[in-house]
Amino acid sequence: MSAPQPQTTEHVASIAEVRNSFADAVGRARYSGEPTVLTSRKKRVAAIVSMDFYERALDALGIEVTPSAESAAADS
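A short tour of the structure in this document, coming up.

Reading guide: rules and limits
Residues numbered from 1 in each chain as written. Predicted model: local features only at pLDDT ≥ 70, side-chain atom pairs only at ≥ 80, totals over all residues. Heavy atoms only, no water. Helix = DSSP H or I, 4+ residues; strand = E, 2+ residues; numbered from the N terminus. Buried < 20%, exposed > 50% of the residue type's maximum accessible area, 1.4 Å probe, protein only. Salt bridge = Lys/Arg side-chain N within 4 Å of Asp/Glu carboxyl O.

1. Details of unusual backbone geometry
With glycine set apart, most residues show a phi of negative sign, and most peptide bonds adopt trans. You will see that Arg41, though not glycine, has its phi angle at about 55°, which is positive. Its place among the elements puts Arg41 in the loop between β2 (36–40) and β3 (43–48). A positive phi angle is found at Lys42, which is not glycine, with a value near 70°. Here Lys42 is to be found in the loop between β2 and β3. Residue classification places Lys42 among the exposed residues on the basis of a relative accessible area of 84%.

Following this line, the structure appears as structure tokens:
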């Protein structure tokens, strides 16, 4: 028998709704680990997740990320 999978609350909101409360969506991901799924025309198109979750997902998938030129310029 396999171990039970961890569960979390998933918030679903349209891009327009999140545009008006972006800080709330980021705060939920950052402090509570609760993702917000963004929808466009009722289709799930993206998610806001914590940096910890993002980094663990990349690691689990064996993906190495190289910052874009725009990201590197913004950090300097």
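2. Regarding the pattern of salt bridges
Per the stated rule, a full pass over the model turns up two salt bridges. Taking the shortest distance from any N to any O, the salt bridge between Arg44 and Glu10 comes out at 3.2 Å. Of this pair, Arg44 sits in strand β3 while Glu10 is found in the segment before β1 (11–14), placing the two residues 34 residues apart along the sequence. Between Arg56 and Asp52 there is a salt bridge; the shortest N-O distance is 3.0 Å. Of the two residues, Arg56 and Asp52 both sit in helix α3 (residues 51–61), four residues apart, roughly one turn of that helix. For Arg56, a relative accessible area of 49% puts it in the partly exposed group. Residue Asp52 is classed as partly exposed on the basis of its relative accessible area of 46%.

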